[in-house]
Amino acid sequence: MRAVVIGAGIGGLLASSFLVKSGYKVTVLEKAPYTGGRFTNLNYKGFGLSTGAFHMLPHGEDGPLAYLLKLLGANVTIVNSNPKGMIFYEGKTFHYREGWKYLGWRERVRAVKLLADIKRNKLPTGEEAETSGRKWIREKIGDNEFVDLFIKSFLGWADSVLDVPAGELAREIKAALKWGGPGLVKGGCKAITGELARITDEKGGRVLRRKRVVEVDADAKKVITADGDEFAYDVLVSNVGITETVELIGRDSFDHEYLKRVDSLKPSEGIKYNVALKGEPRIGNTVVFTLDTERINGYNEPSSISPELAPEGYTLMMFHHALHSENVKAEQRKGIEDIYKLLPNLDEEGKILLIQTYLDGNPVNRVASGQTVGDFPIQDVYVVGDAYKPPGGVEVEGVALGVMKTLERLGISRFGEWYP
């Protein structure tokens, strides 16, 4: 069986690794000169920045991505955060558990009950599932400023959005209760995607770089690249997005209702700030959710477990915020103001290395969390990656869950217990 994978991002490489391990003859076509997409390392002035993610997995060594890596025997080390998270609020940074003191006793009782209901799979349904997640939390717990700011910070950091439907938020909370908090990847993002590319190559697959796909002939089952090469397939896996895959095949191949759903999809967009600080690690392996800031939603410190990501004598911190408007320059100014609020001595202790903005053709995610269009309707064509994340799947964990769904449809394995 011949399998062609379009795009060597983490979704495509996860799929290619399992396909080649299952006996498929695999060819991966990547338009860039490197593999990994938005989940690899960028060497910049001696620092190991990332092309997209934060060198971190939302559920660390206990989540779905780590599970798939173990099944593949991937040589990757993930270190769970300790503590799972911290909070910056009212000018102070503290352990996330201390946040309970900002809730009144009635609010605490309601919050405990809500968490217990979510854990028991008592989730929003029908119209309630489609309402604002933040509004749903207020209705369930109370109109508490701390809680709302924390949910906003969490969504901005994890999903690069300011809100999600209640059904999605409940499933993301359920996933956190089930699999725990985040963890850093030793060596950064490239440690994972580089290993997946190695597994694909080692098992007999081909990963071809600088191969931009311009057309998919779904009737003849072949892929055509910009340089005129053609690759026949029995199974096609696309890691370039739902909308982009529809365009490659041709919109005439899809019915009006499906195209309407595809056209309604919105990406998530954000800005990442890479900051170099002199001296030892500041916060260690954790995430700080920032509630007192106008734009910044959170930050972490990847070099705390991977010193090689920063030159000797420095540590690397990454800050992120979900875009509030299309005025990128204004957004960046507000983000920088927040960073100085968090690091008032930044000018003496370090500097902002690089600002990365994700929008338009290169968003944080091609499809924001909480949006789905169902399985791809063309026979033997499957979509993976940041455009196909099942409900409750945060960032690359959602990508992993989407790959699990694809592997199930191909009859390669079963993963039912992993879906939130």
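It should be emphasised that the depicted structure is a prediction, and the values quoted were computed from it without experimental measurement.

A look at the overall build of the protein
Along the backbone of the protein there are 13 helices and 20 strands. Since a compact globule built from 420 residues should have a radius of gyration of about 22 Å, the 21 Å found for the protein is in line with a globular shape. Along the three orthogonal principal directions, the C-alpha set of the protein runs to about 60 × 55 × 40 Å. Here the protein holds 420 residues, and 57% of them are scored as buried. For the protein, restricting intrachain contacts to residue pairs at least 6 apart in sequence, the fraction spanning at least 24 positions comes to 70%. Accessible area of the protein: about 18,000 Å², with a carbon and sulfur share of 48%.

Details of the sheet that holds strand β6 (residues 78-80)
Taken in spatial order, the three strands make up an open sheet running β5-β9-β6, and their pairing is antiparallel. Where the open sheet ends on each side, the last strands, each with one partner, are β5 (56-57) and β6. Note: β5 against strand β9 (residues 183-185), two bridges, orientation antiparallel. Considered in β9, the bridge of L57 is made with G183.

Describing helix α1 (residues 10-21)
The end-to-end C-alpha separation of α1 is 16 Å, in line with the 16 Å expected for twelve residues at 1.5 Å each. For α1, the buried fraction is high: eleven of the twelve residues fall into the buried class. Of the residues making up α1, those classed as buried are I10, G11, G12, L13, L14, A15, S16, S17, F18, L19 and V20. Here the buried face of α1 lies against β1 (2-6), β2 (25-29), α2 (64-72), α8 (190-202), β14 (235-238) and α13 (395-409). G23, located one to two residues past α1, shows a positive phi value of around 100°.

Considering the environment of A3
Secondary-structure assignment places A3 in strand β1. When the C-alpha atoms of A3 and D380 are compared, they prove to be 9.8 Å apart, with 377 residues separating the residues in sequence. For A3, the residues in contact, after removing those within four places along its chain, are L19, Y24, K25, V26, T27 and V235.

A look at the packing of aromatic side chains
Using the criterion set out here, one finds 15 aromatic pairs in the structure. On the numbers, 4.3 Å between centres and 25° between planes, the contact of F54 with W157 is stacked. Here F54, found in the loop between β4 (47-50) and β5, pairs with W157, found in helix α6 (residues 145-158); they are 103 residues apart in sequence, far enough to count as distant. By relative accessible area, F54 is classed as buried at 12%. Three or more aromatic residues link up through ring pairs in this structure, and these residues are Y67, W179, F415 and W418. Geometry around F94 places K101 over its ring, the cationic atom sitting 5.8 Å from the centre.

About the thresholds
Residues numbered from 1 in each chain as written. Predicted model: local features only at pLDDT ≥ 70, side-chain atom pairs only at ≥ 80, totals over all residues. Heavy atoms only, no water. Helix = DSSP H or I, 4+ residues; strand = E, 2+ residues; numbered from the N terminus. Rg over C-alpha atoms; globule rule 2.2 N^0.38 Å. Buried < 20%, exposed > 50% of the residue type's maximum accessible area, 1.4 Å probe, protein only. Contact = heavy atoms within 4.5 Å. Areas by Shrake-Rupley, 256 points an atom, 1.4 Å probe, with all protein chains shown as cover. Pairing = 2+ DSSP bridges. Expected span 1.5 Å × (residues − 1). Phe/Tyr/Trp six-rings, centres within 6.5 Å; stacked < 30°, edge-to-face > 60°. Lys NZ or Arg CZ within 6 Å of the ring centre and 35° of its normal.

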